[in-house]
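Here's the letter readout for the chains.
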Amino acid sequence: MSELRELYQTTILDHNKKPRNFHPVEPHTHEADGYNPLCGDRVKVQIAVSGDGTVEDIGFQGSGCAISTASASMMTEAVKGKPLGEVETLFERFHDLVTGDPMTEPDTDRVGKLMVFAGVREFPMRVKCATLAWHTLKSALEGSGSARTE
Ligand code: ZN
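As a starting point, this report considers the structure included with it. (Residues numbered from 1 in each chain as written. Predicted model: local features only at pLDDT ≥ 70, side-chain atom pairs only at ≥ 80, totals over all residues. Heavy atoms only, no water.)

**Comments concerning the packing of aromatic side chains**
Evaluated as defined, the whole model comprises five aromatic pairs. Relative to Trp-134, the ring of Phe-91 lies with its centre 6.5 Å away and its plane at 55 degrees, an arrangement referred to as tilted. Taken together, the residues Phe-91 in helix H3 (residues 84-99) and Trp-134 in helix H4 (residues 124-142) connect sequence positions 43 residues apart. Here Phe-91 falls in the buried class, since its relative accessible area comes to 8%. (Phe/Tyr/Trp six-rings, centres within 6.5 Å; stacked < 30°, edge-to-face > 60°. Helix = DSSP H or I, 4+ residues; strand = E, 2+ residues; numbered from the N terminus. Buried < 20%, exposed > 50% of the residue type's maximum accessible area, 1.4 Å probe, protein only.)

**So, the packing of helix H2 (residues 66-79) against H4**
Across the interface, H2 lies against H4 with an axial gap of 8 Å and an inter-helix angle of 40 degrees. With respect to the hand of their crossing, H2 and H4 are arranged in right-handed fashion. Across the interface between the two elements, Ile-67, Ser-68, Ser-71, Ala-72, Met-75 and Val-79 from H2 touch Arg-126, Cys-129, Ala-130, Ala-133, Trp-134 and Leu-137 from H4. (Axes fitted to C-alpha atoms, helices over the stretch in contact; angles between N-to-C directions. Left-handed = near helix turned anticlockwise from the far one by under 90°. Contact = heavy atoms within 4.5 Å.)

**Considerations on the nonpolar core**
Ranked by size, the top nonpolar core spans 41 residues in total, and within it Ile-47, Val-79, Phe-117, Trp-134 and Leu-137 carry the most contacts. Listed by contribution, the elements that provide at least two residues to this core are helix H1 (2-17), strand E2 (41-49), strand E3 (55-63), H2, H3 and H4. Those residues in contact with Ile-47 that sit more than four places away from it in its chain are His-28, Thr-29, His-30, Val-55, Asp-57, Ile-58, Leu-137, Ala-140 and Leu-141. (Core = buried A, V, L, I, M, F, W, Y, C linked by side-chain atoms within 4.5 Å.)

**What about empty space enclosed by the protein?**
The full count for this structure, using the stated rule, is one cavity of 30 Å³ or more. Looking at the largest cavity, its volume works out to about 80 Å³. The wall of the largest cavity is formed by 15 residues, among which Arg-42, Val-43, Ser-68, Thr-69 and Ala-72 lie closest to the centre. Per-element tally for the lining of the largest cavity: the top contributor is E3, with four residues. Of the residues in the lining of the largest cavity, the class split is seven nonpolar, six polar and two charged. (1 Å grid on protein atoms, 1.4 Å probe; cavity = no way out; pocket = protein on both sides within 12 Å on 5 of 7 lines; lining within 4 Å. Points joined across faces, edges and corners; volume = space filled by probe spheres on them. Nonpolar A, V, L, I, M, F, W, Y, C, P; charged D, E, K, R; others polar.)

**Structural notes on the pattern of salt bridges**
Using the criterion set out here, one finds eight salt bridges in the structure. When the shortest N-O distance is used, the salt bridge between Asp-14 and Lys-18 registers 3.3 Å. Overall, the relative accessible area of 26% leaves Asp-14 in the partly exposed class. For Glu-92, the salt bridge is made with Lys-138, and the minimal N-O distance between the two is 3.9 Å. (Salt bridge = Lys/Arg side-chain N within 4 Å of Asp/Glu carboxyl O.)

**As for unusual backbone geometry**
Note the cis peptide between Glu-26 and Pro-27, where omega equals -5 degrees. Within the secondary structure, Pro-27 is located in the loop between H1 and strand E1 (30-36). Unusually for a residue other than glycine, Asn-21 sits at a positive phi of about 55 degrees. Structurally, Asn-21 can be placed in the loop between H1 and E1.

**A look at the coordination of the zinc ion**
Looking at the zinc ion, the protein donor atoms are Cys-39 (SG), Asp-41 (OD), Asp-41 (OD), Cys-65 (SG) and Cys-129 (SG), and they sit 2.2 to 2.7 Å from it. Here the donor residues of the zinc ion are spaced in sequence according to C-x1-D-x23-C-x63-C. On the criterion of sequence distance, the pair formed by Asp-41 in strand E2 and Cys-129 in helix H4 is long-range, its members being 88 residues apart. An identical accessibility class is assigned to Asp-41 and Cys-129; each is buried. (Donors = N, O, S within 2.8 Å, 3.2 Å for Na, K, Ca; no water.)

Here it is in structure tokens:
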């Protein structure tokens, strides 16, 4: 896990310093605001979903701790261009990854680059920071009845 920890730190620092897709999306089809009162993280997620149910564009704004910013940044990279069904699957996998039992080996194979967040499961306070953007994305998509393709 020490290699993963190092990767975690460098990746979080990089994405916190240079957040990807940190901008409004106009026009967008969905948006939601997220707030994590435990840490004070705020994030707004805007998404443009195409007619065939693909995330054409996604951006986020807001301010928060390094973990919440890096997680939002990596989330936008991970879901951009994906069909909504895959976004849903990725949400579930990411959620399992960061909320899993710290004593068990995390299943990092299924989440790609997002595996760097595996270490978060050891810090319950940080789980909410890491999942804030994902919950906000989900709220945005569920805010419109037409968002689900399945
Ligand atoms: Zn936070």
